[in-house]
Amino acid sequence: MDCTLYSVQAYTYIYMKNMRKDNYRCRLSTTVETMPRRLVECTVCASRWVRLNVGGTCFVTTSGTLCRDPKSFLSRLCQEDPDLDSDKDQSGAYLIDRDPTYFSPILNYLRHGQLILNRGFPEEGVLEEAEFYNITDLIGLVKERIRERDANAAKGNAKHVYRVLQCQEDELTQMVSTMSDGWKFEQLVCSPCDEFLCVVSRELSTVTNGLHHEPSGKAKILQERGSRM
């Protein structure tokens, strides 16, 4: 009686285990069959090496890197989109008639998601190529870099307007404490007549009435005199 019960339990366990394996294989096959064709192709070919001849310079990368942006020109090229007229050279590399100088940072961006440019490297060139290859995220990133660069340049070139205020000793504290509208204290010069000359300045980031305000000659002289005191 016990042996018979044991045999039935063992048979039931083996049968259920095989059923689970068959169901797993069935689900896996169904999942692959129902995946979009482009996604299956990109997944299967993710480790395939691809050669690109960009303006005479050869680049070697993987199709997975080129497929990072599915809507980009490079992704369509890698998938051999029939709408693209793509030629190959004698080595089998895709021919792309673009500047290789700006392609290198674009390829690195697709590899690790970071835009790395050497100092002085023109962002406009990278933007032009990113728009050609239709890499949407990179286009937005380069445009933001350009806005930050231009804003910093404008801030560094800001001009200042200077004023010289004359006051008595008992008026000095009140005058300094009531300065407003962005005026900043620069120099304090004591004149021979027991009066004080206070040099103040304000940043002038825009052009007022079409004229650029420069420090007056008197203000410069007072600043030089004050620095020697």
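Residues numbered from 1 in each chain as written. Predicted model: local features only at pLDDT ≥ 70, side-chain atom pairs only at ≥ 80, totals over all residues. Heavy atoms only, no water.

K.L.:
Describe the packing of aromatic side chains, and please don't skip the residues or the numbers.
P.N.:
If you walk through the whole model with that rule in mind, you get 6 aromatic pairs. Here F73 and Y133 contribute two aromatic rings whose centre-to-centre distance is 6.0 Å and whose plane-to-plane angle is 50 degrees, an arrangement assigned as tilted. With a gap of 60 residues between them, F73 in helix α4 (residues 73-78) and Y133 in helix α6 (residues 123-133) connect regions that are remote in the sequence. Taken together, the aromatic side chains of F59, F73, F103, F132 and Y133 make up a single cluster linked through ring pairs. (Phe/Tyr/Trp six-rings, centres within 6.5 Å; stacked < 30°, edge-to-face > 60°. Helix = DSSP H or I, 4+ residues; strand = E, 2+ residues; numbered from the N terminus.)

K.L.:
Summarise the sheet that holds strand β2 (residues 57-62); cite the residues concerned and give the values.
P.N.:
Ordered by their spatial adjacency, 3 strands build an open sheet running β2-β1-β3, and the pairing between neighbours is mixed. Looking at strand neighbours, the two that pair on one side only are β2 and β3 (94-96), the edges of this open sheet. Taking each pair of neighbouring strands and ignoring which way they run, the sheet shows an average axis angle of 30 degrees. With 6 bridges joining them, strand β1 (residues 49-54) and β2 adopt antiparallel strand pairing. Across the sheet, the residue bridging to V50 is T61, located in β2. (Pairing = 2+ DSSP bridges. Axes fitted to C-alpha atoms, helices over the stretch in contact; angles between N-to-C directions.)

K.L.:
If you had to explain the packing of helix α5 (residues 100-112) against α6 to someone new, which residues and values would you point to?
P.N.:
Contact geometry for α5 and α6: axes closest at 9 Å, N-to-C directions at 70 degrees. The orientation of α5 with respect to α6, classified from their angle, is roughly perpendicular. Like other packed secondary-structure pairs, α5 and α6 cross with a definite hand, here right-handed. Within the contact between the two elements, α5 uses Y102, F103, P105 and I106 and α6 uses G125, V126, E129, A130 and Y133. Its residues placed into classes, the contact of α5 with α6 shows 7 nonpolar, 1 polar and 1 charged. (Parallel < 35°, antiparallel > 145°, perpendicular 65-115°, else oblique. Left-handed = near helix turned anticlockwise from the far one by under 90°. Contact = heavy atoms within 4.5 Å. Nonpolar A, V, L, I, M, F, W, Y, C, P; charged D, E, K, R; others polar.)

K.L.:
So what's going on with the environment of F59? Residues and values would help.
P.N.:
Examined against the element boundaries, F59 turns out to sit in strand β2. For F59, a relative accessible area of 13% translates into the label buried. Between the alpha carbons of F59 and L107 there is a distance of 8.9 Å; along the sequence they are 48 residues apart. (Buried < 20%, exposed > 50% of the residue type's maximum accessible area, 1.4 Å probe, protein only.)

K.L.:
Please provide a residue-by-residue account of α5, values included.
P.N.:
Counted at 1.5 Å a residue, the expected span for α5 with its 13 residues is 18 Å, and the 19 Å between its end C-alpha atoms agrees. Where α5 is concerned, the buried positions are P100, Y102, F103, P105, I106, L107, Y109 and L110. Near the N-terminus of α5, the side chain that reaches the backbone nitrogen of T101, with its oxygen 2.9 Å away, is that of D99. Residue G113 follows α5 closely and has a positive phi angle near 80 degrees. (Expected span 1.5 Å × (residues − 1). Polar contact = N/O pair within 3.5 Å; in protein donor to acceptor, adjacent residues only side chain to side chain.)

K.L.:
Just give me the short version of the pattern of salt bridges, but keep the residues and values in it.
P.N.:
Applying the stated criterion across every chain yields a total of 5 salt bridges. Measuring nitrogen to oxygen at the nearest pair gives 3.0 Å for the salt bridge that ties E123 to R149. With E123 in helix α6 and R149 in helix α7 (residues 136-156), this pair connects stretches of sequence that are 26 residues apart. Judged by relative accessible area, which is 31%, R149 ranks as partly exposed. One salt bridge connects D150 with R149, and the closest N-O pair in it is separated by 3.1 Å. Residue classification places D150 among the partly exposed positions, given a relative accessible area of 40%. Here the salt bridges do not stand alone but share partners, grouping E123, E124, R149 and D150 into one network. (Salt bridge = Lys/Arg side-chain N within 4 Å of Asp/Glu carboxyl O.)

K.L.:
Can you explain a negative patch on the surface? Please cite residues and give values.
P.N.:
Side chains of E169, D170, E171 and D194 sit close together on the surface and give a patch of like negative charge. Among the structural elements, E171 can be located in helix α8 (residues 169-177). When its relative accessible area of 40% is taken as the criterion, E171 is described as partly exposed. (Patch = residues over 30% accessible without salt bridge, like charges linked within 9 Å, V, L, I, M, F, W, Y side chains within 5 Å. Areas by Shrake-Rupley, 256 points an atom, 1.4 Å probe, with all protein chains shown as cover. Lys, Arg positive; Asp, Glu negative; His and termini not counted. Charge placed at Lys NZ, Arg CZ, Asp CG, Glu CD.)

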